[in-house]
Amino acid sequence: MAAAEEQPFTLSVSDADLELLHKKLELVRFPDELEGAGWDYGAPLADIKRLVAHWKDKFDWRKSEAEINKLPMFTRDIEVEGFGTLNIHYLHQKSEVKNAIPLLFVHGWPGDFLEARKILPLLTAKSTDHPSFHVVALSLPGFGFSEAPQKPGFAGRQYAEVFTKLMSSLGYEEYVYQGGDWGHLLGMHAVTHYGHKNIKAWHTNMPACQPPSFFSHPIAFLSMFTIPFSKSTKAGLEHTMIWRKKGFGYYMEQATKPQTLGYGLSDSPVGLLGWIYEKLVGWSDSYPWTEDEVIEWISIYWFSRSGPAAAGRIYYEMTGGGAHDTWQGTKWTSVPTGVSYFPYELVRLPRAWSHTLGKLVFESEHQKGGHFAAFEAPDELAGDLRKMFGKGGPAHGVVPGKNGYD
C-alpha cells in the first residue's frame, strides 16, 4: 500500500521538553570572542547572547505553537521501497478555486515547511487576474515533524518517491513543483524519475547546475566565452566563489561526519542557534530578522520529531559521504522549467547555464531577495509562479483540467 489514511496534526510540545530547554538555556557556557571579530569568525557573541536571553526570558513558544496550529497540517504514512513506511508531516492549503493547480513546495536546510507560510495566501487566492494553487508543503523526512529514515542510503530517488506518493494520496496524480536549496536539488531527482507522468512543470529559485558541455548544450557552452565581457556574470561567479571558499565548511562537515556534529546540535540549543543563525543572516539579503522569527525558526529544529541532528544527514546521503556531487542520478528532461534569480542567492551562475536544468520556459530576475525567497520575498516568488502558470504564461494548462481558474 503506497499511503495510509490522512491524520490531522496538532503541534504540542510537552511541558517537560519546554522545561528541559529552559534549563539548558540557563546553564549555557558561552565561548570567548576575539576583539573586533564581527562576522569574520561566525555568528557574533553579542548577537547570540541577545537571542539566548530573548529565547529564555521573552519568547512565548505556546503563542507561536498556537499560530502554527492555525495551518491545515496533517500526517500520513508513505511506504518507500527498501525503507519501509515513513510518517510524513505536511500542510495542505486548498484554494476555493475548483480548477486550482496542485503545487508541491519543497524546502531545504536550514529551512522547514513554515517557509511556505507567507506565500500560502498569495498562491491560494482567487482572482480572474492570476491562477490559484492548491499548495502542499511537507516536512522532508528527518526534518520538522516527519519521521526520519532509519537506514543509510535514503537519497534522491527515495525523496522523489515520497513526493509523488504523497501528492497521489491527496488526489494529485499530476502536479507542479517549486523548490530552493535542497528543494531545488531534490527537484532535479524528482523530475528525472517522475517528470511528465506526474510532475508537469517545475520552478526553482536556486538554479544551481553543472557547467554545460559542448555536446549536450552547445549554445550554453559557447556562451562561456563571453563571460569575461559581462560585468554581471563575472560578479555572480565571484560571489559564488567567495561563498565556496569562505562559507562552505558547514556543507563538508554535514556531508562527511554529520553524526559527530549532531551531538552538539542535539544537546545544546545555543549551539544549534549559532549554527543556523549564521546562515539565516549570511544567506539572506539584509532581511530584518526579528528575534521571534529567529527563535521560532530554531525551535522547529529543536523540537523536531527526530531531533536537530537528523536533518543534516541529507548532505551525507545525497553525496555518498562526500564521494560525489548531488546531481548524480539525474538527467536533463523536457519538463517545462522556470527559474527566478535573486541577487543574494548563494549560487549565481551564468543564466545560460540554466538550460542544463530542463526545458527552460520561464526566467525572472529580481532586485532584492536572497536564499530564503519564499520567506524574504514572497510577493516576488508568488508573482513569478503566477506568470509562469497563468493565462498567457509558458506553462499555462500543463496540468490537464487544472488551469488555476474557475
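In this report, the structure presented in the accompanying data block is examined. The model shown is predicted, which means the values in this text are computed figures rather than measured ones.

As for the packing of aromatic side chains
For step 1, the next point in the chain: Summed over the entire model, instances satisfying the criterion amount to 31 aromatic pairs.
For step 2, the next point in the chain: Taking 6.4 Å as the distance between ring centres and 80° as the angle between the ring planes, the aromatic pair formed by F248 and Y250 counts as edge-to-face. Y250 shares its class with F248; the two are buried.
For step 3, the next point in the chain: Taking the ring centre of F375 as reference, the NZ or CZ of K118 above it sits at 3.8 Å.
For step 4, the next point in the chain: The ring of W275 has K279 lying over it, and the distance from NZ or CZ to the ring centre is 6.0 Å.

Points about the packing of helix α1 (residues 15-26) against helix α2 (residues 45-57)
For step 1, the next point in the chain: Direction vectors running N to C along α1 and α2 enclose 145°, while the axes themselves pass 10 Å from each other. At the point where α1 passes α2, the crossing takes the left-handed sense. Residues L21, H22, L25 and E26 of α1 lie in contact with α2, whose contacting residues are V52, W55 and K56.
For step 2, the next point in the chain: Tallied by class, residues from the contact of α1 with α2 come to four nonpolar, one polar and two charged.

So, helix α6 (residues 182-194)
For step 1, the next point in the chain: Under the 1.5 Å per step criterion, the end-to-end length of α6 is 17 Å for 13 residues, consistent within 8% with the ideal 18 Å.
For step 2, the next point in the chain: Of all 13 residues making up α6, 11 are buried, and the element is well covered by its neighbours.
For step 3, the next point in the chain: Restricting attention to buried positions, one finds in α6 the residues W182, G183, H184, L185, L186, G187, M188, H189, A190, V191 and T192.
For step 4, the next point in the chain: Along its buried surface, α6 packs onto β4 (101-106), α5 (156-169), β6 (175-179), β7 (199-204) and α13 (313-319).
For step 5, the next point in the chain: Just downstream of α6 lies H196, where phi reads positive at about 75°.

Remarks on the side chain of S340
For step 1, the next point in the chain: With respect to the helices, strands and loops of the structure, S340 is situated in strand β8 (residues 336-341).
For step 2, the next point in the chain: In this structure the side chain of S340 is engaged in a polar contact, spanning 2.8 Å, whose partner is the side chain of H203.
For step 3, the next point in the chain: In terms of polar contacts, S340 uses its side chain to reach the side chain of D384, at 2.5 Å.
For step 4, the next point in the chain: If we skip the residues at most four places from it in the chain, S340 touches H203, T204, N205, P207, S364, H366, L381 and D384.

Here we look at helix α9 (residues 249-256)
For step 1, the next point in the chain: Taken together, the buried positions of α9 are occupied by Y250, Y251, Q254 and A255. Viewed end-on, α9 has its buried residues packed into an arc of 120°, placing them on one side of the element.
For step 2, the next point in the chain: Taken together, the buried residues of α9 touch α8 (231-246), α10 (258-267), α11 (269-282) and α13.

Some remarks on the side chain of S284
For step 1, the next point in the chain: Mapped onto the fold, S284 is located in the loop between α11 and α12 (291-302).
For step 2, the next point in the chain: Since its relative accessible area comes to 3%, S284 is described here as buried.
For step 3, the next point in the chain: Here the side chain of S284 touches V281 through a polar contact of 3.3 Å, landing on its backbone oxygen.
For step 4, the next point in the chain: At 3.2 Å, the side chain of S284 forms a polar contact with the side chain of W289.
For step 5, the next point in the chain: Not counting the four nearest positions on each side in its chain, S284 is found in contact with K279, W289, Y344, G370, F372 and E376.

Comments concerning the pairing of strand β5 (residues 133-138)
For step 1, the next point in the chain: Across the six residues that make up β5, a large majority, six, are buried.
For step 2, the next point in the chain: Of the two faces of β5, the one lined by F133, V135 and A137 and the one lined by H134, V136 and L138 are each fully buried.
For step 3, the next point in the chain: Pairing of β4 with β5 involves five bridges; the strand directions are parallel. Looking at the pairing, F105 lines up with A137 of β5.

Scoring rules and cut-offs
Residues numbered from 1 in each chain as written. Predicted model: local features only at pLDDT ≥ 70, side-chain atom pairs only at ≥ 80, totals over all residues. Heavy atoms only, no water. Phe/Tyr/Trp six-rings, centres within 6.5 Å; stacked < 30°, edge-to-face > 60°. Buried < 20%, exposed > 50% of the residue type's maximum accessible area, 1.4 Å probe, protein only. Lys NZ or Arg CZ within 6 Å of the ring centre and 35° of its normal. Axes fitted to C-alpha atoms, helices over the stretch in contact; angles between N-to-C directions. Helix = DSSP H or I, 4+ residues; strand = E, 2+ residues; numbered from the N terminus. Left-handed = near helix turned anticlockwise from the far one by under 90°. Contact = heavy atoms within 4.5 Å. Nonpolar A, V, L, I, M, F, W, Y, C, P; charged D, E, K, R; others polar. Expected span 1.5 Å × (residues − 1). Polar contact = N/O pair within 3.5 Å; in protein donor to acceptor, adjacent residues only side chain to side chain. Arc of directions from axis to C-beta. Pairing = 2+ DSSP bridges.

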